[in-house]
Amino acid sequence: MVLFFVQYKWRKTLTSFLSTWAARLGSSVQVAHYEDVPEWSTIPPAATYVFTDLERLSPSRLEQAAALADSLAAAPGNPIVLNHPRRALRRYELLRMLHDRGVNPFRAYRVLETRVPERFPVFLRFENRHDGPASPLLWTPRELDRAVANRFSSNDDLSSLLMIEYHDVSDDSGTFHRHVTYVIGDELIHGNLAFDTNWVVKYGGPATGEQLEAQRAAWGSTAHIPLLRDIADRAGIGYGRFDYSIVNDTICVWELNTAPTLLLHPDEYPPDVRVRRKQLGDRLTNALEQLASGPNVGPIALTVTKEVSKEVQRRRVRGKRVRALRWRVVSTLVAHMPPGIAGILARRLHLLRARRSA
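**Observations concerning unusual backbone geometry**
Now for step 1: The amide bond that connects Phe 120 to the next residue, Pro 121, takes the cis arrangement and shows omega of 5 degrees.
Now for step 2: Position of Pro 121 relative to the elements: it lies in the loop between β6 (108-110) and β7 (122-126).
Now for step 3: Backbone geometry at Asp 53 places phi at a positive 55 degrees, although glycine is not the residue there.
Now for step 4: Its place among the elements puts Asp 53 in the loop between β4 (48-51) and α2 (59-73).
Now for step 5: Unusually for a residue other than glycine, Asn 83 sits at a positive phi of about 65 degrees.
Now for step 6: Relative to the assigned elements, Asn 83 resides in the loop between β5 (80-82) and α3 (91-100).

In structure tokens form, the structure reads like this:
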């Protein structure tokens, strides 16, 4: 059996695939919720344990997941543990590693660090979200400063906000593209190659002509498999999805998502596309079956985390509401200050708030 640890609110990204495309897996793939772990006394037996969605775990839940992964990795029977929270790189660390190794030509920076972008334009993106860029392209330091101040005034967490240098991967016609490759244990499986006239490529539109030929070539290509395998291994990620582009036979990796949508519901694809997605669904299912094929280990005992008393919880909630109201007034004032002053003040106030909360 394979046991996936997921956050409850994001469970549909996996369960939708299992219920439509991979129904034959049955009970060989199970989903457990991070929220339920403190209530367990034992972990169900499995051959492989997969930790997903690491970017969106809170610090306390991430530490809890890491401790759980340590216990599983040391259990008798040596079960496979994929995406160990102590070793798996998150978005920022991955992008830094890829640039340092010469894979990506662009850099990523934290908004709160002292480094500044070496070139423009840049865009903002949260390292713990999967909803795309948090700003349009920002062409000057002044625009960047204003965008950071606006995020601060929206009560966003600046500590998780990244500045990423924009790299143009469009072709001569102004079309952008995005390759997808899934990592499932030892298997790397190419998914869709999407095209769009927008620099943020999601699913793209119907492919025709040369684009359709490019898709067919991409599905069967093995040219970049060794590099992607090496990146996944160095990142400590054994389950996820690469999003990347290829320009002049050179890869630019945008992310390695540990909570990927494997496939949409079959009804969301046109009939001709659905046939090709069925082939992809079969390959993904076979890879999951390989993870489930090993012997299950016995139940692993856990120490149940003590719950905080309800009175303490109520006091914490009241205090948070007062601080949130006070902070809303301050952040609104910052948003109306001139660029330069607004960005600097937003960063300093965020750090002050973080120290008081520590």
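**Digging into the nonpolar core**
Now for step 1: By size, the foremost hydrophobic cluster in this structure holds 37 residues, and its most contacted members are Phe 5, Phe 51 and Phe 242.
Now for step 2: The set of elements that each furnish at least two residues to this core consists of β1 (2-6), β4, α2, α3, α6 (225-235), β11 (239-247) and β12 (250-257).
Now for step 3: In terms of residues, this core owes the most to one element, α2, which gives 5 residues.
Now for step 4: Setting aside its immediate chain neighbours within four residues, Phe 5 contacts Ala 32, Tyr 34, Val 37, Trp 40, Ile 43, Tyr 49, Val 50, Phe 51, Thr 52, Leu 68 and Leu 72.
Now for step 5: Counting residues in each nonpolar core, the second largest holds 28 residues, with Leu 25, Val 180, Ile 184 and Leu 288 among its members.

**Details of the packing of aromatic side chains**
Now for step 1: Taken as a whole, this structure holds 8 aromatic pairs when the rule is applied.
Now for step 2: Seen from their ring centres, Phe 5 and Phe 51 are 4.8 Å apart, and the 20 degrees between their planes marks the pair as stacked. On the criterion of sequence distance, the pair formed by Phe 5 in strand β1 and Phe 51 in strand β4 is long-range, its members being 46 residues apart. Pair check on accessibility: Phe 5 and Phe 51 agree, each one buried.
Now for step 3: Both rings, one in Tyr 166 and one in Trp 199, keep their centres 5.6 Å apart while their planes meet at 85 degrees; by these two values the pair is edge-to-face. Taken as a pair, Tyr 166 in the loop between β8 (161-165) and β9 (176-184) and Trp 199 in the loop between β10 (187-196) and α5 (210-220) lie far apart in primary sequence, 33 residues in all.
Now for step 4: You can call Tyr 166 buried: its relative accessible area is 13%.
Now for step 5: Here the aromatic residues Phe 5, Tyr 34, Tyr 49 and Phe 51 are joined through ring pairs into a cluster of three or more.
Now for step 6: The side chain of Arg 110 reaches across the aromatic face of Tyr 92, ending 4.2 Å from its centre.
Now for step 7: Over the ring of Phe 126 we find Arg 129, and its NZ or CZ is 3.8 Å from the ring centre.

**Things to note about the pattern of salt bridges**
Opposite charge on two side chains allows them to pair when their charged atoms are near.
Now for step 1: Counted according to the given criterion, the structure contains 20 salt bridges.
Now for step 2: As a salt-bridge pair, Glu 127 and Arg 110 come within 2.4 Å of each other at their nearest N and O atoms. With a gap of 17 residues between them, Glu 127 in the loop between β7 and α4 (141-153) and Arg 110 in strand β6 connect regions that are remote in the sequence.
Now for step 3: The buried category is assigned to Glu 127, whose relative accessible area is 13%.

**Points about the sheet that holds β1**
Now for step 1: If you trace the 4 strands from one edge of the open sheet to the other, you get β2-β1-β4-β5, paired in parallel fashion. Across the chains shown, the open sheet's two edge strands, defined by having one partner strand only, are β2 (29-33) and β5. Across this sheet, the average inter-strand angle for adjacent strands is 20 degrees, counted without regard to direction.
Now for step 2: Where β1 meets β4, 4 bridges bridge the pair, whose relative direction is parallel.

**Examining the sheet that holds β9**
Now for step 1: Taken in spatial order, the 4 strands make up an open sheet running β10-β9-β11-β12, and their pairing is antiparallel. The sheet terminates laterally at β10 and β12, the two strands that pair on one side only. Between one strand axis and the next, the sheet turns through 25 degrees on average, direction left out of account.
Now for step 2: Where β9 and β10 come together, 8 bridges link them in antiparallel fashion. What sits directly across from Val 183, in β10, is Leu 188.

**A few points about the pairing of β9**
Now for step 1: For β9, the tally of buried residues reaches 9 of 9 residues, placing the bulk of the element in the interior.
Now for step 2: Here β9 shows a buried face lined by Phe 176, Arg 178, Val 180, Tyr 182 and Ile 184 and a second buried face lined by His 177, His 179, Thr 181 and Val 183.
Now for step 3: Connecting the antiparallel pair β9 and β10 is a turn made up of 2 residues, with Gly 185 showing a positive phi of about 65 degrees.
Now for step 4: As paired strands, β9 and β11 are joined by 6 bridges and run antiparallel to one another. By the bridge assignment, Ile 184 is partnered in β11 with Tyr 239.

Conventions and cut-offs
- Positions within a chain are numbered from 1, following the residues in the order the chain's sequence is written.
- Confidence filtering applies because this is a predicted model: local features only for residues at pLDDT of at least 70, side-chain atom pairs given and counted only at 80 or more, and all residues used for totals across whole chains, interfaces and linings.
- Processing note: side-chain calculations cover all non-hydrogen atoms of the structure and skip hydrogens and water entirely.
- Helix numbering and strand numbering both begin at the N terminus, where a helix is a DSSP run of H or I of at least 4 residues and a strand a DSSP run of E of at least 2.
- For the purposes of this section, nonpolar cores are sets of buried Ala, Val, Leu, Ile, Met, Phe, Trp, Tyr and Cys residues that join through side-chain atoms within 4.5 Å.
- Think of it in three bands: with a 1.4 Å probe and only protein chains considered, a residue is buried below 20% of the maximum accessible area for its type, exposed above 50%, and partly exposed in between.
- Contacts are assigned to residue pairs that have any heavy atoms within 4.5 Å of one another.
- Side-chain rings of Phe, Tyr and Trp (the six-membered ring for Trp) are treated as a pair once their centres are within 6.5 Å; stacked means planes under 30 degrees apart, edge-to-face means over 60, and tilted covers the remaining angles.
- Charge-over-ring contacts are defined here by two conditions on Lys NZ or Arg CZ: a distance within 6 Å of the ring centre and an angle within 35 degrees of the ring normal.
- Counted as salt bridges are all cases of a side-chain nitrogen of Lys or Arg within 4 Å of a carboxyl oxygen of Asp or Glu.
- DSSP calls a pair of strands paired once it identifies at least 2 bridges connecting them.
- Helix axes use the C-alpha atoms of the stretch in contact, all axes being lines fitted to C-alpha atoms, and the angles between their N-to-C directions lie in the range 0 to 180 degrees.

On their own, these measurements won't tell you what the molecule is for.
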